[in-house]
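Coordinate analysis (summary)
Take a look at the letters that make up each chain.
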Amino acid sequence: MIKLRYVCLTAAAALIVTLSSCTSKPTAENLSAPVVSTPATEAVSNNSHSGHASKEKININTAILSELDKFEAKLGVPALSNKIQAGRPYGSPEDLVTKKVITQEQFDQIKDQVGVQEVALTGEAKDVDYMSKLGLMKGHLLVARELLDQNQPKQAEPHIGHPVEEIYVDVEDQLNERKVKEFKTTLVSLQDLVKSSPKDSKVKTNFTSSVQAVDGAIAALPEAQRSKPGFVLQVINELLDSANSEYGAAIANGKITAPIEYQDSRGFVFYANDLYKGISSQVAQADPEAQKAIDASFAELIKVWPSAIPPAKAVKTPSDVTKLVKTIEENSQKVVDKSNTQAQR
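Each value, and the rule that gives it
Residues numbered from 1 in each chain as written. Predicted model: local features only at pLDDT ≥ 70, side-chain atom pairs only at ≥ 80, totals over all residues. Heavy atoms only, no water. Helix = DSSP H or I, 4+ residues; strand = E, 2+ residues; numbered from the N terminus. Buried < 20%, exposed > 50% of the residue type's maximum accessible area, 1.4 Å probe, protein only. Areas by Shrake-Rupley, 256 points an atom, 1.4 Å probe, with all protein chains shown as cover. Lys, Arg positive; Asp, Glu negative; His and termini not counted. Salt bridge = Lys/Arg side-chain N within 4 Å of Asp/Glu carboxyl O. Polar contact = N/O pair within 3.5 Å; in protein donor to acceptor, adjacent residues only side chain to side chain. Phe/Tyr/Trp six-rings, centres within 6.5 Å; stacked < 30°, edge-to-face > 60°. Lys NZ or Arg CZ within 6 Å of the ring centre and 35° of its normal. Core = buried A, V, L, I, M, F, W, Y, C linked by side-chain atoms within 4.5 Å. Contact = heavy atoms within 4.5 Å. pLDDT = per-residue confidence, 0-100. Axes fitted to C-alpha atoms, helices over the stretch in contact; angles between N-to-C directions. Parallel < 35°, antiparallel > 145°, perpendicular 65-115°, else oblique. Left-handed = near helix turned anticlockwise from the far one by under 90°.

**Thoughts on the overall build of the protein chain**
Looking only at helices and strands, one finds 14 helices and 8 strands in the protein chain. Burial analysis of the protein chain (345 residues in total) assigns 53% to the buried set. Counting every atom, the protein chain has about 15,100 Å² of accessible surface; 50% of that belongs to carbon and sulfur.

**Digging into the side chain of R226**
Locating R226 in the fold gives a position in helix α10 (residues 223–226). Of the side chains with opposite charge, E223 lies nearest to the buried R226, which makes no salt bridge, at 4.9 Å. A polar contact of 2.7 Å, which involves the side chain of R226, links it to the backbone oxygen of L221.

**Examining unusual backbone geometry**
A cis amide bond, omega 0 degrees, links R88 with the succeeding residue P89. Note on placement: P89 falls in the loop between α3 (80–86) and α4 (95–98). Backbone geometry at A79 places phi at a positive 60 degrees, although glycine is not the residue there. Of note, A79 is situated in the loop between α2 (65–75) and α3. The exposure class assigned to A79 is partly exposed, which follows from its relative accessible area of 28%.

**As for the packing of aromatic side chains**
Given two aromatic rings, their pairing is described by the distance between the two centres and the angle made by the two planes. Under the criterion given, the structure shown has 3 aromatic pairs. Ring centres of Y168 and F183 lie 5.0 Å apart, and the angle between their planes is 80 degrees; this geometry places the pair in the edge-to-face category. You can see Y168 sitting in helix α7 (residues 153–177) and its partner F183 sitting in the loop between α7 and α8 (184–196), a full 15 residues away along the chain. On the accessibility criterion, F183 (3% relative accessible area) is buried. Positioned above the aromatic ring of Y90 is the side chain of K99, whose terminal nitrogen or guanidinium carbon lies 4.9 Å from the ring centre. Over the face of the ring belonging to Y130 we find R178, whose NZ or CZ atom lies 4.1 Å from the ring centre.

**Some points on the nonpolar core**
F183, I236, L240, F298, L301 and W305 are the most contacted members of the largest nonpolar core, which totals 69 residues. Looking at this core, the elements that each hand over two or more residues are α6 (123–149), α7, α8, α9 (202–218), α11 (229–250), α12 (259–286), α13 (288–303) and α14 (318–344). Among the elements that make up this core, the one with the highest residue count is α6 (12 residues). W305 has contacts with Y247, Y262, S265, R266, V269, F270 and V321, leaving out every residue within four places of it along the chain. Among the nonpolar cores identified, the runner-up in size contains 18 residues, and L75, V77, I84 and F107 belong to it.

**Thoughts on the environment of E67**
Assignment of secondary structure puts E67 in helix α2. With 175 residues separating them along the chain, E67 and S242 place their C-alpha atoms 6.9 Å apart.

**Re the confidence of the model for the protein chain**
Of all residues in the protein chain, 83% have pLDDT values of 70 or greater, and the mean over the chain is 84. In this model, residues 1–54 is a region of pLDDT below 50 whose contacts with residues beyond four sequence positions or in other chains number 218 contacts.

**So, the packing of α8 against α9**
Following both chains from N to C, one finds α8 and α9 inclined at 150 degrees, their axes separated by 9 Å at the closest point. One element, α8, and the other, α9, form an angle in the roughly antiparallel class. Classified by chirality, the crossing of α9 by α8 is left-handed. Along its contact with α8, which presents T186, L187, S189, L190, L193 and V194, the element α9 presents K202, V203, N206, F207, S209 and S210.

**Side note on the pattern of salt bridges**
When the charged atoms of two side chains lie near each other, side chains of opposite charge can form a pair. Taken as a whole and assessed by the stated rule, the structure comprises 12 salt bridges. Between K292 and E289 there is a salt bridge, and its shortest N-O distance comes to 3.9 Å. In this pair, K292 and E289 are both assigned in helix α13, 3 residues apart and thus about one turn of the helix distant. Note on E289: relative accessible area 55%, which makes it exposed. Several salt bridges share partner residues, and in doing so they unite D129, K133 and D170 into one network.

Here it is as structure tokens:
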């Protein structure tokens, strides 16, 4: 069972290369997001990780399980994410082999994606990272609410726990920088209550408080920024990238073998879809063809998760889901590129 998850930014690694050469994935209005054109990062190491794209390196010392799930899905090794986490710290990527986490043959398949150091995000990239992490929290809580409504507190509890156990610590510095009131206590209280007394009337009240706390953290970003399609699309793609990894880790031989990962991916996709609804009309004005492609892909993606309780058989293969996610990402980039071009005129 996979437990810690996060996101970083797809653009970070590409920007590190650029900087180096210069020197020698609920309602949309709850999370209107900012628009990013070209994320800026402060390079700390070329072996760093700060995003979701397969092109960049994943820091195996700090990545949460939703990022490590990419290795699990690619190699088909059950519970690999947890094994990587248990083997920390790593002095080099090759330690995955020397510590017998994976074989040399398996390492050779992923070595270009493995890193052990970090990058520091700045500017717009930092805002996208912040919003994406809070979006993951929203996705977890979204599916937790569904499960609670279906009288499934045991299934809901992990999804209430993930925001505080996996994400809060990684976004805490940014919350403090943005002067957001601490809400870890609120999340922990809800988790404890669902564990001990799931039928307590306070669960509903505490749940509402938790959602409002996350929404308040999102509101720390300027409203003008949170409403720009380019920014929202980048956040959406971060959420979808995490969902894609989770779904890949949930499926084996056409069956859903890891319900928690299935549910996580559902929450991320549904929240991303809510975000997209809030900017769809603006996307249509910027690029009608891109908007049609994104709409069609989201319509197909939603079908993959017919309910919060996993079906006996997977609706689509991980490969099918990856294709849909890539279609959304490619068409989103067209919109972002057009927005950047117009802004420069």
